[in-house]
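# Understanding the architecture of this molecule
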Amino acid sequence: MKVFRFALAAVLTLLAFFAPAQTTRRREVTREAPPPADAVSVDSIVAALYASVSYPAGGSPDFERMRGIFLYVGMLVPPVKPGQEIMGTDIDGFSSRFQRGAAARKEKAEGPTGFFEKEIARRADCFGNVCQIFSTYESRHTASDDKPFERGINSIQLVRDGKRWWIASVAWDAEKPDLPIPPPYQPAAK
(Lines give C-alpha, C1' and ligand atoms only; values in the text may rest on other atoms or scores of the structure.)
Protein backbone atom coordinates (compact mmCIF):
# COMPACT_ATOMS: atom_id res chain seq x y z
CA MET A 1 0.00 0.00 0.00
CA LYS A 2 2.90 2.38 0.78
CA VAL A 3 4.38 1.72 -2.67
CA PHE A 4 1.04 2.52 -4.30
CA ARG A 5 0.72 5.80 -2.36
CA PHE A 6 4.30 6.72 -3.22
CA ALA A 7 3.73 5.98 -6.92
CA LEU A 8 0.48 7.95 -6.89
CA ALA A 9 2.17 10.90 -5.19
CA ALA A 10 5.00 10.79 -7.73
CA VAL A 11 2.57 10.77 -10.68
CA LEU A 12 0.54 13.65 -9.22
CA THR A 13 3.71 15.64 -8.59
CA LEU A 14 4.84 15.13 -12.18
CA LEU A 15 1.41 16.10 -13.50
CA ALA A 16 1.41 19.25 -11.39
CA PHE A 17 4.90 20.08 -12.64
CA PHE A 18 4.08 19.63 -16.35
CA ALA A 19 0.51 20.99 -16.35
CA PRO A 20 1.58 24.66 -16.55
CA ALA A 21 3.83 23.88 -19.53
CA GLN A 22 0.96 22.20 -21.37
CA THR A 23 -1.37 25.09 -20.66
CA THR A 24 1.26 27.54 -21.90
CA ARG A 25 1.81 25.51 -25.05
CA ARG A 26 -1.91 25.54 -25.82
CA ARG A 27 -1.98 29.31 -25.43
CA GLU A 28 1.03 29.67 -27.72
CA VAL A 29 -0.72 27.94 -30.63
CA THR A 30 -4.01 29.80 -30.27
CA ARG A 31 -4.38 32.20 -33.17
CA GLU A 32 -5.96 35.55 -32.67
CA ALA A 33 -8.18 36.88 -35.42
CA PRO A 34 -6.14 38.79 -38.00
CA PRO A 35 -7.18 42.18 -39.20
CA PRO A 36 -10.63 41.58 -40.70
CA ALA A 37 -9.39 42.59 -44.14
CA ASP A 38 -7.09 39.52 -44.24
CA ALA A 39 -9.77 36.90 -43.64
CA VAL A 40 -13.12 38.33 -44.65
CA SER A 41 -13.23 36.61 -48.07
CA VAL A 42 -11.46 34.05 -50.22
CA ASP A 43 -9.94 36.89 -52.28
CA SER A 44 -8.63 38.72 -49.21
CA ILE A 45 -7.01 35.68 -47.58
CA VAL A 46 -5.30 34.64 -50.84
CA ALA A 47 -4.03 38.22 -51.26
CA ALA A 48 -2.77 38.14 -47.64
CA LEU A 49 -0.96 34.85 -48.33
CA TYR A 50 0.89 36.30 -51.32
CA ALA A 51 1.68 39.52 -49.45
CA SER A 52 2.99 37.62 -46.42
CA VAL A 53 5.45 35.44 -48.38
CA SER A 54 6.84 38.38 -50.40
CA TYR A 55 9.75 40.47 -49.11
CA PRO A 56 12.48 42.85 -50.38
CA ALA A 57 16.20 42.05 -50.49
CA GLY A 58 17.49 41.60 -46.94
CA GLY A 59 13.96 41.07 -45.62
CA SER A 60 11.95 38.00 -44.76
CA PRO A 61 8.38 36.75 -45.07
CA ASP A 62 5.88 38.24 -42.64
CA PHE A 63 5.58 35.18 -40.39
CA GLU A 64 3.26 36.91 -37.90
CA ARG A 65 0.82 37.72 -40.67
CA MET A 66 1.07 34.11 -41.86
CA ARG A 67 0.29 32.89 -38.33
CA GLY A 68 -2.83 35.07 -38.42
CA ILE A 69 -4.21 33.50 -41.60
CA PHE A 70 -3.20 29.84 -41.13
CA LEU A 71 -4.91 27.41 -38.80
CA TYR A 72 -2.49 26.67 -35.95
CA VAL A 73 -2.17 23.17 -37.44
CA GLY A 74 -1.92 24.60 -40.98
CA MET A 75 0.71 23.07 -43.22
CA LEU A 76 3.02 24.23 -45.99
CA VAL A 77 4.14 21.43 -48.30
CA PRO A 78 6.96 22.33 -50.71
CA PRO A 79 7.68 20.38 -53.90
CA VAL A 80 9.94 17.36 -53.76
CA LYS A 81 12.22 15.67 -56.24
CA PRO A 82 11.55 12.04 -57.20
CA GLY A 83 12.56 9.75 -54.37
CA GLN A 84 12.50 12.48 -51.71
CA GLU A 85 10.26 12.22 -48.69
CA ILE A 86 7.38 14.70 -48.59
CA MET A 87 7.98 16.99 -45.62
CA GLY A 88 5.20 19.38 -44.70
CA THR A 89 5.77 21.97 -42.01
CA ASP A 90 3.84 24.51 -39.96
CA ILE A 91 4.59 28.24 -39.96
CA ASP A 92 7.26 27.90 -37.24
CA GLY A 93 9.03 25.18 -39.23
CA PHE A 94 8.75 27.27 -42.40
CA SER A 95 10.31 30.20 -40.53
CA SER A 96 13.19 28.00 -39.31
CA ARG A 97 13.74 26.67 -42.82
CA PHE A 98 13.84 30.23 -44.19
CA GLN A 99 16.35 31.30 -41.50
CA ARG A 100 18.62 28.32 -42.30
CA GLY A 101 18.47 29.17 -46.02
CA ALA A 102 19.29 32.84 -45.34
CA ALA A 103 22.22 31.81 -43.15
CA ALA A 104 23.51 29.43 -45.86
CA ARG A 105 23.31 32.19 -48.51
CA LYS A 106 25.18 34.56 -46.19
CA GLU A 107 27.86 31.91 -45.52
CA LYS A 108 28.33 31.45 -49.28
CA ALA A 109 28.71 35.24 -49.55
CA GLU A 110 25.67 35.43 -51.82
CA GLY A 111 24.00 38.78 -51.62
CA PRO A 112 20.51 39.00 -50.16
CA THR A 113 17.74 38.58 -52.68
CA GLY A 114 14.15 39.59 -52.50
CA PHE A 115 11.18 37.41 -53.25
CA PHE A 116 7.92 38.65 -54.71
CA GLU A 117 5.23 36.19 -55.60
CA LYS A 118 1.98 37.15 -57.26
CA GLU A 119 -1.09 35.31 -58.44
CA ILE A 120 -1.61 35.36 -62.21
CA ALA A 121 -4.56 32.94 -62.52
CA ARG A 122 -6.98 31.09 -60.25
CA ARG A 123 -9.36 28.15 -60.35
CA ALA A 124 -11.54 27.74 -57.28
CA ASP A 125 -13.99 25.08 -56.18
CA CYS A 126 -15.93 26.07 -53.08
CA PHE A 127 -18.77 24.47 -51.19
CA GLY A 128 -20.14 25.90 -47.97
CA ASN A 129 -17.26 26.42 -45.56
CA VAL A 130 -14.53 24.77 -47.64
CA CYS A 131 -12.64 25.97 -50.67
CA GLN A 132 -9.92 24.41 -52.84
CA ILE A 133 -7.94 26.86 -54.95
CA PHE A 134 -5.37 26.23 -57.66
CA SER A 135 -3.54 29.56 -57.76
CA THR A 136 -1.00 29.98 -60.56
CA TYR A 137 1.90 32.18 -59.46
CA GLU A 138 4.95 33.98 -60.75
CA SER A 139 8.01 34.68 -58.58
CA ARG A 140 10.43 37.57 -59.04
CA HIS A 141 13.44 38.85 -57.07
CA THR A 142 12.10 42.42 -57.20
CA ALA A 143 8.54 43.51 -57.77
CA SER A 144 9.64 45.37 -60.92
CA ASP A 145 11.55 42.49 -62.62
CA ASP A 146 10.37 42.09 -66.23
CA LYS A 147 10.37 38.29 -66.17
CA PRO A 148 9.72 35.84 -63.36
CA PHE A 149 12.47 33.42 -62.33
CA GLU A 150 9.82 30.81 -61.52
CA ARG A 151 6.17 29.98 -62.14
CA GLY A 152 4.05 27.29 -60.60
CA ILE A 153 0.78 26.41 -58.92
CA ASN A 154 -0.19 26.75 -55.26
CA SER A 155 -2.87 24.33 -54.09
CA ILE A 156 -4.57 26.21 -51.26
CA GLN A 157 -7.16 24.63 -48.96
CA LEU A 158 -9.37 27.06 -47.05
CA VAL A 159 -11.94 26.56 -44.29
CA ARG A 160 -14.38 29.02 -42.76
CA ASP A 161 -15.43 28.88 -39.11
CA GLY A 162 -18.55 30.97 -39.65
CA LYS A 163 -16.74 34.22 -38.92
CA ARG A 164 -13.66 34.20 -41.15
CA TRP A 165 -11.54 32.15 -43.53
CA TRP A 166 -8.44 30.16 -42.49
CA ILE A 167 -5.74 28.51 -44.60
CA ALA A 168 -5.59 24.81 -43.74
CA SER A 169 -2.72 24.01 -46.11
CA VAL A 170 -0.70 25.14 -49.08
CA ALA A 171 1.10 22.63 -51.31
CA TRP A 172 2.88 23.79 -54.44
CA ASP A 173 5.00 22.76 -57.38
CA ALA A 174 7.07 24.77 -59.82
CA GLU A 175 6.83 24.68 -63.60
CA LYS A 176 9.64 22.76 -65.31
CA PRO A 177 10.48 22.07 -68.96
CA ASP A 178 8.87 18.63 -68.66
CA LEU A 179 6.03 19.95 -66.47
CA PRO A 180 4.50 23.04 -68.09
CA ILE A 181 1.51 24.76 -66.51
CA PRO A 182 -1.56 23.29 -68.26
CA PRO A 183 -3.77 25.67 -70.31
CA PRO A 184 -6.69 25.67 -67.80
CA TYR A 185 -4.32 27.14 -65.18
CA GLN A 186 -2.75 29.78 -67.45
CA PRO A 187 -3.79 33.44 -67.24
CA ALA A 188 -6.65 34.39 -69.53
CA ALA A 189 -5.53 35.86 -72.84
CA LYS A 190 -5.71 39.65 -72.95
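This report concerns the structure included in the present document. Everything numeric here is computed off the predicted structure, so don't read it as measured data.

In this structure the tally under the stated criterion is one disulfide. Sulfur-sulfur distance for the disulfide between Cys-126 and Cys-131 comes to 2.0 Å. Relative accessible area serves as the criterion here: at 4%, Cys-131 is assigned to the buried category.

This part covers the layout of surface pockets. Within this model, the largest pocket holds a volume of roughly 970 Å³. What lines the largest pocket is a set of 31 residues, and nearest its centre among them are Phe-94, Arg-97, Phe-115, Glu-150 and Trp-172. Ranked by residue count, the leading element in the lining of the largest pocket is helix α5 (residues 91-107), at five residues.

The next thing to look at is the pattern of salt bridges. According to the stated counting rule, one finds eight salt bridges in the structure shown. The closest approach of N and O atoms between Asp-38 and Arg-65, which form a salt bridge, is 2.8 Å. Here Asp-38 is found in helix α2 (residues 36-39), whereas its partner Arg-65 is found in helix α4 (residues 63-69), with 27 residues between them in sequence. Judged by its relative accessible area of 8%, Asp-38 falls in the buried class. The partner of Asp-173 in a salt bridge is Lys-176, with the nearest N and O atoms 2.8 Å apart. Judged by its relative accessible area of 31%, Asp-173 falls in the partly exposed class. On the basis of relative accessible area, Lys-176 is assigned to the partly exposed category, the value being 35%. What emerges from the salt-bridge pattern is a single network uniting Asp-43, Glu-119 and Arg-122.

Conventions adopted
Residues numbered from 1 in each chain as written. Predicted model: local features only at pLDDT ≥ 70, side-chain atom pairs only at ≥ 80, totals over all residues. Heavy atoms only, no water. Disulfide = S-S within 2.5 Å. Buried < 20%, exposed > 50% of the residue type's maximum accessible area, 1.4 Å probe, protein only. 1 Å grid on protein atoms, 1.4 Å probe; cavity = no way out; pocket = protein on both sides within 12 Å on 5 of 7 lines; lining within 4 Å. Points joined across faces, edges and corners; volume = space filled by probe spheres on them. Helix = DSSP H or I, 4+ residues; strand = E, 2+ residues; numbered from the N terminus. Salt bridge = Lys/Arg side-chain N within 4 Å of Asp/Glu carboxyl O.

Read these as layout, nothing more, since geometry by itself doesn't imply function.
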